[in-house]
Structures are given as structure tokens and as C-alpha cells.
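Notes for the structure review
Now for the letters of each chain:
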Amino acid sequence: MTRIPFEQLPHDVRQAVAGKTGAVHQAVTVSGGMNSGIASVLETDSGNVFVKGIPAGHPQVTAQLREAAIAPHLPTSCPRLYWHLELDGWSLLGYEVVEGRHANYAPGSADLPLVEAALAELQDVTAPADVEIKDAVDRWADYAPAGTLHLFAGDTLLHTDFASDNVLIVGDRARLVDWAWPTRGAAWIDPGALALRLMEAGHPADSALAFAERFPSWRGASPDALRALGLATAALWREIAGEDGTTWKRAMSERAALLARALDGGL
């Protein structure tokens, strides 16, 4: 969606933000990400705040509301949500500023152990019962092979989108951001999602799957469950590439198909 600077928000919205933060002295628009109409770091009387938001009538607002609802339940590797405003046609979230760089997933990267530690922390988090989030069974219903959907069920809080843009390296720690798609399901789904992104960064399928093996949930999953995830992931990316055949989406579809073959025992 089109991104605007903070200064172009309606006056009442800017005043409401200042009511949360104190006077706003400077606003710097952030370039990363695709799903925010505004994304700015504000220098305020109470310190720096990252503000992201979208028009209240936009189809993506539901995802942002989920992000706000799940925030209190996230592990410490995730930025803290300070406030949520719905005003004058805008939905805004005010977050802790995390000043870091996107994770480097390349083979041999020193960031990989940090990413592993962040995901290991998340693997221990149970999805809250009082927050309406997607269930893995529903998310993969159109893609999983017949008779396998029950394998995706579980009560772990999943991120599911480990694009390197969603993992920031801050000092000696990886921070997980962008919680638009929190999901309740089997814990081994997230290591599988990360494996595909490792392949995107240059890991062969066997290396990416060896990384997934570091997580007890993956090691404990049945071969049928992992095979079903591979096939569902390949079907999902095949659909994505079919609807929008940009180069990177076609490449992701090819990698997902390779991952599915590897999980089916045929590297």
C-alpha cells in the first residue's frame, strides 16, 4: 500500500499520538515492509517510538488488530507494544523501537545461532485461548494432502513467516517482528517455515532441514507430518506464483517443491 509520512496523518490522529508519547519532535519514515500505510520512528518527549498503521477500512486492518491482540502474549525476543489507537479513519500501533539490522541467513552466518535461540524461546509459548487467531488446521486446509490436516493441530504459538525482514539482529540477540499472522498449531511448523527461508538464502535443502533438526519439536514430529507440511508448503507457493509470477515468487515456489521432495525422502 502507499506509505505516507507521519506529518500527513490527520491533525486529530497526530494529537492522539502525542497524548500517548508527549510532544513529537521528529518523525522519520521507515522504508522496510509492505503492509503499512505509515511506518515512522518518532522522537518524542517520552523517548523514541515506532509507529505503524493502516487506514481503518483497508482489508489488512484485521491482521493489524490480530497483531495488537497477540502482543501481550509474545516472548521477550519480540518488541513491546506500548499502545493501540483507532481514530479518524486510522488504526495505529506504537511499539518499542528496535534498532537493528535484518538477519543474515546465509550459510555460515553468525546470525543463525541467534535466530535459533529466538525460535527456541517461541517454541515454548502456548497460544493464548482468549485471543482469536488462526488455527494451523484452517490455514493449511486448502493445501495439505487429504487426511493429514489433523497432524497440523497443536497449541503452540507460531509465527510462520521467517522472511529475514521479520528478524532483526540487535547486539547478540535476534528479535522477531511483524506478527500479522499469529497461528495456533503444532510446534514443528515454525522450524519448517524457517527451513524454506534458509533455502532462499542459499542453503541446500539438506542443510536447511539439518537446521530444523535442532528443534525438539521437529525431531519429535512423525515423517507423515513433515511430509504433509512439505506438500502443503509447495501447494501454497505454487498458488502464489500462479497468481503473481514475479521472479522471486516463482523461485520460492521452486524451492518449496524441492523442500517437499526432500521431506519425502528424495533429495
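A brief report on the enclosed structure follows. What you see is a predicted model; the values in this text were computed from it and never measured. (Residues numbered from 1 in each chain as written. Predicted model: local features only at pLDDT ≥ 70, side-chain atom pairs only at ≥ 80, totals over all residues. Heavy atoms only, no water.)

1. Observations regarding the sheet that holds strand β7 (residues 134-135)
Put simply, the rule is: Any two strands with at least two DSSP-identified bridges between them are counted as paired. By definition, any uninterrupted DSSP run of H or I lasting at least four residues is a helix, any uninterrupted run of E lasting at least two residues is a strand, and each is numbered from the N terminus.
Spatially, the 3 strands line up as an open sheet ordered β7-β11-β8, and their pairing is mixed. Edge positions in the sheet fall to β7 and β8 (156-158), since each has one partner strand and no second. As paired elements, β7 and strand β11 (residues 183-185) share 2 bridges and run parallel to each other. Its bridge partner being in β11, K134 is matched across the sheet by T183.

2. Comments concerning the packing of helix α3 (residues 112-123) against helix α5 (residues 189-200)
The following threshold applies: The convention used is that axes are lines fitted to C-alpha atoms, helices contributing only their stretch in contact, and that angles between N-to-C directions extend from 0 to 180 degrees. An angle counts as roughly parallel when it lies under 35 degrees, as roughly antiparallel when it exceeds 145, as roughly perpendicular when it falls between 65 and 115, and as oblique in every other case. A clockwise turn of the near helix away from the far one marks a right-handed crossing, whereas an anticlockwise turn of less than a right angle marks a left-handed crossing. The contact criterion used throughout is that any non-hydrogen atoms of two residues lie within 4.5 Å. When residues are grouped by polarity, Ala, Val, Leu, Ile, Met, Phe, Trp, Tyr, Cys and Pro land in nonpolar, Asp, Glu, Lys and Arg in charged, and all others, Gly among them, in polar.
Here α3 crosses α5 at 160°, and the two axes come no closer than 11 Å. Put simply, α3 runs roughly antiparallel to α5. Along this stretch, α3 crosses α5, giving a crossing that reads as right-handed. Contacts from L112, V115, L119, L122 and Q123 in α3 reach D190, P191, L194 and L198 in α5. Counted by class, the contact of α3 with α5 contains 7 nonpolar, 1 polar and 1 charged residues.

3. Section: the pattern of salt bridges
Once their charged atoms are close, side chains differing in charge can pair, the charge on each being opposite to the other. For the record, the criterion: The working definition used for a salt bridge is a side-chain nitrogen of Lys or Arg within 4 Å of a carboxyl oxygen of Asp or Glu. The classification of residues rests on relative accessible area computed with a 1.4 Å probe and restricted to protein chains. Under 20% of the type maximum is buried, over 50% is exposed, and intermediate values are partly exposed.
Scanning all chains against the criterion turns up 10 salt bridges. Note that R175 is salt-bridged to E96, the shortest N-O span being 3.4 Å. Residue R175 is located in strand β10 (residues 173-176), and its partner E96 is located in strand β5 (residues 90-96); the two are separated by 79 residues in the primary sequence. The buried category is assigned to R175, whose relative accessible area is 10%. With relative accessibility at 22%, the residue E96 sits in the partly exposed group.

4. Let's talk about the side chain of K249
Within the element layout of this structure, K249 appears in helix α9 (residues 247-263). Here K249 is in contact with W237, I240, A241 and D244, once residues within four sequence places are set aside.

5. A few points about the packing of α5 against helix α8 (residues 223-243)
It is the contact of α5 with α8, at a shortest axis distance of 11 Å, that shows an interaxial angle of 50°. What the angle tells us is that α5 and α8 run oblique. Note that α5 runs across α8; the crossing there is right-handed. Contacts from I189, G192, L196 and R197 in α5 reach L229, T233 and W237 in α8. The residue makeup of the contact of α5 with α8, split by class, is 4 nonpolar, 2 polar and 1 charged.

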